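# Fold and contact review
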Amino acid sequence: MLALSAEGILPKIDYAIFADTGWEPKSVYEHLDRLEREIAKPAGIPVLRVSSGNIRNDALNPDHRFASMPLYILNTDGRPGMTRRQCTGEYKVKPIKKKIRDLLGYPYATRVPKGVFVEQWIGISTDEFHRAKDADVKYMQNRHPLIDMGWSRSDCVRYLTSLDLAETPKSSCLGCPFHGNSQWRHIRDNSPAEWEDVVEFDAAIRKGNARANASGNRLLGEAFRHRSRVPLGQAPIDHVTAAEWAALQQELTDEAELERGVEDGCSPWACRGDADALAQDDFGLAT
């Protein structure tokens, strides 16, 4: 959407907003730098980076109030479970809303007058039309330009390829529990330092987040990052799941992606914890 606006195919936006959890892959930050340098700045579009903190550090800091990221739980009786997800709202939606209020001139908790709002573009394609929803606040009105244009994920990939952006990485926390095996393998096989980081984090949260432990709310069972509920370094990530085979078949129909793997992603408006479909990048485009 940023490139379409910069090229004049879509109307020029006033801002692009990136919600940074502080624990994105290096490739995402490098890609964002490139977008800003090669596309946004020449078009006069500011890229704003917003954050509520570093989700990894916050989880391991006993003095920090932590908005729970989902954890796979193995209870003492052997039953599986999962903790609730608060991370999307705290580390993505909240900072974007805060920035939008600031841009409107009505910072929290100032009341935004009736009729004052931004039009926010959300990059959901026709493949995920069921995720297109209205905003939950009156000072934001959601629009879905890719759906309006009739663009599928394949159309987006072809367009990105024409701009030499075929290798656009999908945004998600390094240790997101909703990674499929293909994403875990991608981290392990292509970024040893990041793999070591997530394996260490997985071990560190075995009894839950540090704040809960410090307050005496230690888990009765054990927590894990992989759905198999074994330590990440031992998890069966080389197993190709049925969902991966389905994604591969879809990939084979995308000419521009024949040379690359499908990576998982997460978005403030379509977290993959809510569905199995692939999500769009974490950009809010305000006009």
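Anything mentioned here points back to the structure above.
Throughout what follows, the structure given in this document is the object of discussion. The shown structure was predicted, so the numbers you read here are calculated from the model rather than taken from an experiment.

## Looking at the nonpolar core
Residues Trp23, Ile55, Met69, Trp184, Trp195 and Val198 are the most contacted members of the largest nonpolar core, which totals 23 residues. When residues of this core are traced back to their parent elements, those giving at least two are α3 (55-59), β3 (72-74), α4 (87-104), α7 (181-190) and α8 (192-204). Among the elements that make up this core, the one with the highest residue count is α8 (3 residues). For Met69, the residues in contact, after removing those within four places along its chain, are Ile55, Ala59, Thr83, Arg84, Cys87, Phe201 and Arg225. Residues Leu10, Ile39, Trp151 and Leu165 belong to the second largest nonpolar core, which totals 21 residues.

## Comments concerning the sheet that holds β3
Taken in spatial order, the 3 strands make up an open sheet running β4-β3-β7, and their pairing is antiparallel. Only two strands of the sheet have a single partner each, and these edge strands are β4 (80-82) and β7 (222-224). In this sheet, neighbouring strand axes are inclined to one another by 35° on average, regardless of whether the strands run parallel or antiparallel. Here β3 pairs with β7 via 3 bridges, running antiparallel. For Ile73, the partnering residue across the bridge sits in β7 and is Ala223.

## Things to note about the side chain of Arg229
Its place among the elements puts Arg229 in the loop between β7 and α10 (242-251). The buried charged residue Arg229 lacks any salt bridge, with Asp77 as its nearest oppositely charged partner at 10 Å.

The rules behind the values
- Residues numbered from 1 in each chain as written.
- Predicted model: local features only at pLDDT ≥ 70, side-chain atom pairs only at ≥ 80, totals over all residues.
- Heavy atoms only, no water.
- Core = buried A, V, L, I, M, F, W, Y, C linked by side-chain atoms within 4.5 Å.
- Buried < 20%, exposed > 50% of the residue type's maximum accessible area, 1.4 Å probe, protein only.
- Helix = DSSP H or I, 4+ residues; strand = E, 2+ residues; numbered from the N terminus.
- Contact = heavy atoms within 4.5 Å.
- Pairing = 2+ DSSP bridges.
- Axes fitted to C-alpha atoms, helices over the stretch in contact; angles between N-to-C directions.
- Lys, Arg positive; Asp, Glu negative; His and termini not counted.
- Salt bridge = Lys/Arg side-chain N within 4 Å of Asp/Glu carboxyl O.

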